[in-house]
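Understanding the architecture of this molecule
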Amino acid sequence: MTETSSRSGGKDIGTLIVASLFIGLGLITLHDVTTYSDSDSVVFPTFVAYALIFCSVLVIIASWLRPSQDNGFGSGDWWRRLLLVATMLVACAIMPVGGFLPATAIAFAGGLIAARHEGWDARSAVVFAASGIAIMAGFYALFRFALGVPLP
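All residue numbers refer to position in the chain's written sequence, counted from 1. Totals for whole chains, interfaces and linings use every residue, but because this is a predicted model, local features are given only for residues with pLDDT of at least 70 and side-chain atom pairs only at 80 or more, for both listing and counting. Here the side-chain values reflect all heavy atoms present in the structure, with hydrogen atoms and water set aside.

What about the overall build of the protein chain?
The criterion, for reference: The helix and strand labels rest on DSSP assignments: H or I over at least four residues marks a helix, E over at least two residues marks a strand, and numbering proceeds from the N terminus. Only protein chains enter the accessibility calculation, which uses a 1.4 Å probe; a residue whose area is less than 20% of its type maximum is buried, one above 50% is exposed, and one in between is partly exposed. Contacts between residues were defined by any pair of non-hydrogen atoms, one from each residue, lying within 4.5 Å. Accessible surface is estimated by sampling points in the Shrake-Rupley manner with a 1.4 Å probe; for residues, cover comes only from the protein chains shown.
For the protein chain, the helix and strand inventory stands at six helices and zero strands. Counting from the amino terminus, helix and strand elements in the protein chain follow one another as α-α-α-α-α-α. Residues classed as buried in the protein chain amount to 24% of the 152 residues present. The long-range share in the protein chain, meaning contacts at least 24 apart out of those at least 6 apart in sequence, stands at 66%. On the protein chain, roughly 10,300 Å² of surface is accessible, and the fraction owed to carbon and sulfur atoms is 72%.

A closer look at a nonpolar patch on the surface
What counts here: Patch definition: residues with relative accessible area over 30% and no salt bridge; like charges joined within 9 Å; nonpolar side chains (Val, Leu, Ile, Met, Phe, Trp, Tyr) joined within 5 Å. Any Lys or Arg side-chain nitrogen found within 4 Å of a carboxyl oxygen on Asp or Glu counts as a salt bridge.
A cluster of nonpolar side chains, contributed by I13, I17, V18, L21, F22, L25 and I28, occupies part of the molecular surface with about 610 Å² of accessible area. You can see I17 is positioned in helix α2 (residues 13-32).

Below is the structure:
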């Protein structure tokens, strides 16, 4: 038995913590949508909240049935994790002020930098930038025109 499994009883503590946090966020979202005045605006966040809670419960059950020897935090570059979280928080803060497109551009760029382990060259930067612009424009068009969701 490894030191990690003897400390945590073989349970993947990091996974249990994050899944529990997601359940809490889903419950907060379900409570928050009760204050929405437009019934059309309730459908998407309610669905996502239920899906988040359901999937998180499945993760907790799987973690209890088939525990991992790893504690869930693993090894890796901590700066990448911090950059991803910081980028998401900055995007959330900017969205009400700057709007959907600037916030998604920040989230996309930060996530891409955090996820790209290979080196950068001019070609890959252009390809990723063009792909990001196409994806962001597509999501904007989908939410704004096809789904009729008002965006900041």
